[in-house]
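Coordinate analysis (summary)
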Amino acid sequence: MTRSYALTRRRMLAASGASAAFAAAAPALLASETKARVVVVGGGFGGATFARFLRAADPTIEVTLIEQDRSYVACPFSNLVFAGMRELDDQTFTYQGVEASGVRVVTDRAIDVDAAGKVVRTESSGEFAYDRLLLAPGIDLNWGALPGYDEAATEQMPHAWKAGPQTALLKDQLEAMDDGGLVVIGAPDNPFRCPPGPYERASMIAHYLKVYKPKSKLLILDAKDKFSKQGLFQQGWDALYGDMIEWVGLSAGGQVVSVDAKSGTVNTDFDSYTPAVANIIPPQKAGVIAERAGVADASGWCPIDPISFESPLQPDIHVLGDASIANAMPKSAFSANAQAKVCAIQVARLLNGNEALATTLANTCYSIIGPDYGISIAGVFKPDGTMLKEVVGSGGVSPIDAPQQNRVLEAQYADDWFRIITHEVFG
Amino acid sequence: MRGVVVGALLSVSLGVSGALASDASTGAAALLSASCSGCHTGGDVDTSIPKLDGYSADQIRDLLTGFQTDDDVTLMNRIARGYTAEEIGIIAEYLGTKAE
Ligand SMILES: Cc1cc2nc3c(=O)[nH]c(=O)nc-3n(C[C@H](O)[C@H](O)[C@H](O)COP(=O)(O)OP(=O)(O)OC[C@H]3O[C@@H](n4cnc5c(N)ncnc54)[C@H](O)[C@@H]3O)c2cc1C
């Protein structure tokens, strides 16, 4: 017998076991077809997961997902595209599975939220009233934070921090480059989407250069003095790429302070570079709809209640994923998915007149340094006052002295994780 | 239902029960177990990450407790150390397959 049947039956048993509590709620469930309306903005790892799980948790709740794009291009492992280890097609998902879960999917852009009137306004599909709203818009680039880096500049100096055409552009530039060229990656200060991402990207570009353009050099100009999984990345770079990758941290003058896209110049306080390829990952903030809704604070990100993910700034609006300030919990797809499953249950409880319950969440992020060479960071997080804090003694990165077999296994697990989680998110 | 991930299943079956929204202990168990399905699927998905198919509650409890002091695994030790014995018990009961 497969697990599916076993679990289903078990849950049904649990339901009859909990009959007293269930009976109290049941008449209300039957009385009206739709108990409540929940609108979700953003169909990424956070929003799509939330929408599906909320429908499943309580099918009497009407769930509408507003997503601006017809298909979703996933960022995790989009760095492998540069190494020729994945295609962008492998990263692309549709919303059919989400619709099949009973979620109404509206392909449109949410342009405003009237928090007092509890209405979301879209570009061309009208208005959507909600009892509760979930905002999971991911990031937007913080235009203006890096002088010279505007929308036009992204065509010369791609960020590729939202996967899709930007990823393809950066790959094209790398392929067009001559052997012996300089590639610069400009990495931002914290907080930003996917803390290990720039260094996985450096690894994947180095893999490509090593095979096709071995005289080339990769320079990481960083606005920080340390970075996620640093020891493991540097160990892997030494082992696989020799001295091809050079990392310059903040106190060594690494921070990119301005760019000039026309001349192709990248400036730090001490130096000026004109690389063959410049991948500028600029400062970020919560998706702009969060500002429109009044749930972002002065930092550009959204504070949340660590139990219910409800905004302390606007009642009945919940925020999760990259847009939220989840403190110790990193901005990752794994976090967004875990938060979404938790938040879906909390919202179902709140809409049924019950309180949200404090719980524990986990995160795991794999990074690929080369073929058969994977590393990870894991963490377990609990609400503590207004914060999500890492449980003391838990989490951390792969051991630096782990046997090579672990690196092979973690590369395999990374690949499996991507298939499993995207199946859970998009069906 | 074959080939459906544990997470989706969890939710589908929870939907049938409706209990997580109304019953505090079911809700708490579902919340605590929510992170697991990010990696551990069920059904016939082809994966080398161990699936939870067919593990009893006792087996899951023993595995998670053992991971807390095991340094020969890739990462479950780092995760398991974040949970108390009580939490491990709740997760095991929730995800464990009931004896036939
Ligand atoms: C190069 C790279 C590598 C990464 N690798 C990993 C990894 O290995 N593991 C990992 O866990 N994470 C990884 N991440 C991080 C991961 O991609 C993000 O943390 C995750 O996507 C966050 O999910 P989210 O739902 O918050 O936002 P998103 O996934 O960005 O989803 C937001 C959605 O909202 C939509 N949207 C925004 N505003 C509106 C609006 N106004 N109206 C309608 N729709 C709107 C967008 O179109 C988008 O579909 C990586 C990121 C990058 C850039």
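Computed from a predicted structure; not experimentally measured. (Residues numbered from 1 in each chain as written. Chains lettered and ligands numbered in written order. Predicted model: local features only at pLDDT ≥ 70, side-chain atom pairs only at ≥ 80, totals over all residues. Heavy atoms only, no water.)

For helix α11 (residues 404–426) of chain A, spanning 23 residues, the distance from its first C-alpha to its last is 34 Å, which sits close to the expected 33 Å at 1.5 Å a residue. Positioned one or two residues after α11(A), Gly427(A) has a phi angle of 85°, which is positive. (Helix = DSSP H or I, 4+ residues; strand = E, 2+ residues; numbered from the N terminus. Expected span 1.5 Å × (residues − 1).)

Moving on, we come to the site of the ligand. All names here are of chain A. Around the ligand sit 37 residues in total, of which Gly 46, Glu 67, Tyr 72, Arg 193 and Asp 322 are the nearest. Phe 45 places a polar main-chain atom, nitrogen or oxygen, 3.4 Å from an oxygen atom of the ligand. One of the backbone nitrogen or oxygen atoms of Phe 334 is found 3.0 Å away from an oxygen atom of the ligand. With the chains in place, 96% of the 990 Å² that the ligand exposes on its own is no longer accessible. Put simply, the parts of the chain that give the shell around the ligand at least two residues each are α3 (45–57), β2 (61–67), α10 (333–351) and β20 (361–370). For the shell around the ligand, the leading source of residues is α10, giving 3 residues. Here the shell around the ligand is composed, by residue class, of 19 nonpolar, 10 polar and 8 charged. Counting only domains with at least three residues in the shell around the ligand, you end up with domain 1 (9–141 + 284–426) and domain 2 (152–280). (Near = heavy atom within 4 Å. Polar contact = N/O pair within 3.5 Å; in protein donor to acceptor, adjacent residues only side chain to side chain. Areas by Shrake-Rupley, 256 points an atom, 1.4 Å probe, with all protein chains shown as cover. Nonpolar A, V, L, I, M, F, W, Y, C, P; charged D, E, K, R; others polar. Domains from an automatic or database assignment.)

Residue and element names in this part refer to chain A. Split into domains, chain A comes out as domain 1 (9–141 + 284–426) and domain 2 (152–280). Relative to domain 2, the C-alpha centre of domain 1 lies at a distance of 29 Å. Each side of the interface is counted separately: domain 1 has 37 residues, and domain 2 has 36 residues. Summing the contributions of domain 1 and of domain 2, the shared interface buries around 3000 Å²; its carbon and sulfur component is 66%. Broken down residue by residue, the surface that domain 1 buries against domain 2 is led by Asn 79, Phe 82 and Ile 369, which jointly contribute 25%. Here domain 1 and domain 2 share 2 salt bridges between them. Here Lys 162 makes a salt bridge to Asp 140, at a shortest N to O gap of 3.0 Å. Our enumeration of links across domain 1 and domain 2 arrives at 15 residue pairs in polar contact (both at pLDDT 80 or more). Examining the composition of the side of domain 1 that touches domain 2, we find that 6 residues originate from one element, β20, more than from any other. (Contact = heavy atoms within 4.5 Å. Buried area = accessible area lost by both parts, 1.4 Å probe. Salt bridge = Lys/Arg side-chain N within 4 Å of Asp/Glu carboxyl O.)

Right, let's talk about the confidence of the model for chain B for a bit. Residue and element names in this part refer to chain B. Of the residues in chain B, 79% reach a pLDDT of 70 or more, and the chain-wide mean stands at 82. The spread of mean pLDDT over the elements of chain B runs between helix α1 (residues 6–17), the lowest at 44, and helix α5 (residues 76–80), the highest at 98. Predicted confidence is poor over residues 1–17, with pLDDT under 50, and the contacts of this stretch with residues over four places away or in other chains come to 61 contacts. Reported confidence for the predicted complex is 0.90 by ipTM and 0.93 by pTM. (pLDDT = per-residue confidence, 0-100.)

As a further point, take the sheet that holds strand β7 (residues 119–122) of chain A. Residues and elements named next belong to chain A. Read across the sheet, 3 strands follow the order β6-β7-β8 without closing on themselves; strand pairing throughout is antiparallel. Two strands close off the open sheet at either side, each with one partner strand: β6 (110–114) and β8 (127–129). Pairs of neighbouring strands in the sheet enclose a mean axial angle of 20°, with direction left out of account. Judged from the 4 bridges that link them, β6 and β7 form a sheet pairing that is antiparallel. Each bridged residue has a counterpart across the sheet, and for Val 113 the counterpart in β7 is Val 120. (Pairing = 2+ DSSP bridges. Axes fitted to C-alpha atoms, helices over the stretch in contact; angles between N-to-C directions.)

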